[in-house]
Amino acid sequence: MSTPETSRFVRLRVDLVLEVDDVAAVTGAALARIADDDDLSAEERTPAQGAVAADAAEALAYLVDPFGLVGDVPGVELQQASWSSERIDYDPDAPEWDLDEEGEEFYGDGFDGAPDGVPGDEADAVSGEGGK
């Protein structure tokens, strides 16, 4: 099962850059979701509310649901997910934001022939390996 031909498991990578036009709307939606989350205890709720109120990137991370992305896809079951958000400096014309010829970004995870552990490499989105 170690070769791509025999593995049933697929790593799907999605890298989004979002422009937040209304921080209050994003924060309000995240706070409402926290308030409605019956799985959160009071001990978990208070820090979550503080984090999303302080940072729109944290609010977005709370609102994004990777399970919802694939929940209705027939024939698949999500096995593992990890996601995060961060504020970035974004210039769509800068070379570092340019996609390569095949439309894929370099992730430094060994799947593209590049070595792992590249300085500045973010944590692997599925396994949590690598990272700063």
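Quantities reported herein were computed from a predicted structural model and do not represent experimental measurements.

Here helix α2 (residues 42-54) crosses helix α3 (residues 56-63) at 125 degrees, and the two axes come no closer than 5 Å. The angle between α2 and α3 places the two elements in the oblique class. Mapping the contact onto sequence places A51, V52 and A54 in α2 and A56, E58, A59 and Y62 in α3. Here the residues of the contact of α2 with α3 are counted per class, giving 6 nonpolar, no polar and 1 charged.

Quick look at the confidence of the model for the chain now. On average, residues of the chain carry a pLDDT of 78, and 70% of them reach 70 or more. Within the chain, helix α4 (residues 66-70) has the poorest average pLDDT of any element, 85, and helix α1 (residues 23-36) the best, 96. Low pLDDT, under 50, characterises residues 110-132; the predicted model gives this stretch 33 contacts beyond four residues in sequence or across chains.

What follows is about the environment of A24. Note that A24 resides in helix α1. With 32 residues separating them in the primary sequence, A24 and A56 have C-alpha atoms 8.4 Å apart.

Counting residues in each nonpolar core, the largest one holds 8 residues, listed as V26, A30, I34, L40, A48, V52, A59 and L60. Going through the elements one at a time, α1, α2 and α3 are the ones with two or more residues in this core. Considering every element that reaches this core, the biggest residue donor is α1, with 3 residues. A30 has contacts with V52, A59, Y62 and L63, leaving out every residue within four places of it along the chain.

Calculation notes
- Residues numbered from 1 in each chain as written.
- Predicted model: local features only at pLDDT ≥ 70, side-chain atom pairs only at ≥ 80, totals over all residues.
- Heavy atoms only, no water.
- Axes fitted to C-alpha atoms, helices over the stretch in contact; angles between N-to-C directions.
- Helix = DSSP H or I, 4+ residues; strand = E, 2+ residues; numbered from the N terminus.
- Parallel < 35°, antiparallel > 145°, perpendicular 65-115°, else oblique.
- Contact = heavy atoms within 4.5 Å.
- Nonpolar A, V, L, I, M, F, W, Y, C, P; charged D, E, K, R; others polar.
- pLDDT = per-residue confidence, 0-100.
- Core = buried A, V, L, I, M, F, W, Y, C linked by side-chain atoms within 4.5 Å.
- Buried < 20%, exposed > 50% of the residue type's maximum accessible area, 1.4 Å probe, protein only.

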